[in-house]
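# Notes for the structure review
Each chain is listed here by its residues.
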Amino acid sequence: MRYAILKHIYSVLLRLGHRGTFLKPLFFEFPAEERLYYRPIVDEQFMLGSSLLVIPALSLGVRELVGYFPKATWYDMRKWTRVVINKNSSEATVEVPFNESAPTFLRGGHTIFMQNPEKIRSTDDLSDIFTLAIALEKNPNDSSFTSSGFVAAIANYSDGHRILECEKEPRRCFVDARTEITCERGKRSQLTLAFTVPEDAKVDSFRLSGLRLLGFDCSLQSLPSNMMMNITTALSTPNRTTTSVASLSWTGKDDQILVTMLNPIILPLPSTLTVDLSQCCLLYTSDAADDLLCVDLGGRRIIKKK
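Just so it is clear, the structure is predicted and the values come from calculations on it, not from any experiment.

### Considerations on the overall build of the protein
Check the secondary structure of the protein and you find 3 helices and 22 strands. The buried share of the protein, reckoned over its 306 residues, is 43%.

Here you go:
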């Protein structure tokens, strides 16, 4: 797990700019929850940045423990499932498998940039290929879901000169990622993923190999195995853009969807990625035909007339 999120860890440290703390007690992020100020929680759990909650096993031979989860939606990063939390105690039982990383949980509304940890033994082995773990959070005011995150867009994290530049002016080195999914009745549903940078940014492009969408709940019962993603890139000339297309495959289970690029795509910055989810079909119900442009009747795809 540590190598999979190593660039995320470095990014959080660089973004702090020698101010603030990286590993912190839970009450730094959730100051209104009085229970977080006292033992055992303050001694036994911690936040890694603002996105990750870590609940380590501190006793020999422990195979499960009870963790406290602040008021948010949390996802187990080992199984990629939503944590089922007791509403009265805000606690949940956490498995602690032998010889694995400490149980780590991704906070709803947050996105982290991850990498394939195979064959990574040091910073020199880190590549420029990312998969985004996107924990969506439903907007209480409408039917949209959103998530945000960032990464230091540095091609070579062993380049001391580039790291020093980022420490002096961290704002210029970062790419911010924001995901929004709209699921409105009678309208097109769409996934939008925007990568933004400051006008004076000094960032390196990177490749995107996939997305893991958690908390995806648009009442979609089936997904086409292959879809297309439009990539819009802003050019240096004001008000000019270029659009390209990438092929991707989808697999869905429970409230998560794994999106895999058939080939990793190079992302010039800034870029915006969009996927039309109206191609996804609803299992037929009495009002399903009013929700999307197509419904699924016994495995047949029926396209509604506009």
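### Description of the state of the cysteines
By the definition in use, this model includes 1 disulfide. Each disulfide pairs two cysteine sulfurs, and for cysteine 166 the partner residue is cysteine 173, the sulfurs being separated by 2.1 Å. Measuring handedness by torsion sign, the sulfur bridge of cysteine 166 and cysteine 173 sits at about -105° and is left-handed. Judged by relative accessible area, which is 0%, cysteine 166 ranks as buried. What makes cysteine 173 buried here is its relative accessible area of 2%.

### Observations concerning helix 1 (residues 6-16)
Among all positions in helix 1, only Leu6, Lys7, His8, Ile9, Ser11, Val12 and Leu14 are buried. Looking one or two residues beyond helix 1, the residue adopting positive phi is glycine 17, at roughly 60°.

### Overview of the packing of aromatic side chains
Two aromatic rings, taken as a pair, are described by how far apart their centres are and by the angle between their planes. Counted according to the given criterion, the structure contains 12 aromatic pairs. Ring-pair connections join several aromatic residues into one group, and the members of that group are Phe30, Phe69, Trp74 and Phe105. If you follow arginine 15 out to its NZ or CZ, it ends over the ring of phenylalanine 174, 5.0 Å from the centre. Between the NZ or CZ atom of lysine 138 and the centre of the ring of phenylalanine 145, over which it lies, the distance is 6.0 Å.

### Focus: the pairing of strand 14 (residues 190-196)
One face of the sheet, then the other: side chains in a regular strand alternate in exactly this way. Inspection of the sheet shows strand 13 (residues 174-182) paired to strand 14 by 7 bridges, in the antiparallel sense. Bridge pairing in strand 14 links alanine 177 to phenylalanine 195. Note that strand 14 and strand 19 (residues 271-276) share 6 bridges and pair antiparallel. Directly across from glutamine 190, in strand 19, lies its bridge partner aspartate 276.

### Considerations on the nonpolar core
In terms of nonpolar packing, the biggest core is built from 37 residues, with Leu132, Ile181, Phe195 and Leu208 touching the most fellow members. Secondary-structure elements contributing two or more residues to this core are strand 10 (129-135), strand 12 (144-152), helix 3 (160-168), strand 13, strand 14, strand 15 (206-214), strand 18 (256-267) and strand 19. Take this core: its biggest share by element is 5 residues, from strand 18. Those residues in contact with leucine 208 that sit more than four places away from it in its chain are Phe130, Leu132, Phe195, Met261, Pro264, Ile265, Leu267 and Leu273. Judged by nonpolar contacts, the second largest core, of 17 residues, contains Ala4, Trp80, Ile112 and Leu214.

Criteria and cut-off values
Residues numbered from 1 in each chain as written. Predicted model: local features only at pLDDT ≥ 70, side-chain atom pairs only at ≥ 80, totals over all residues. Heavy atoms only, no water. Helix = DSSP H or I, 4+ residues; strand = E, 2+ residues; numbered from the N terminus. Buried < 20%, exposed > 50% of the residue type's maximum accessible area, 1.4 Å probe, protein only. Disulfide = S-S within 2.5 Å. Phe/Tyr/Trp six-rings, centres within 6.5 Å; stacked < 30°, edge-to-face > 60°. Lys NZ or Arg CZ within 6 Å of the ring centre and 35° of its normal. Pairing = 2+ DSSP bridges. Core = buried A, V, L, I, M, F, W, Y, C linked by side-chain atoms within 4.5 Å. Contact = heavy atoms within 4.5 Å.

Purely geometric stuff here, so don't read any function into it on its own.
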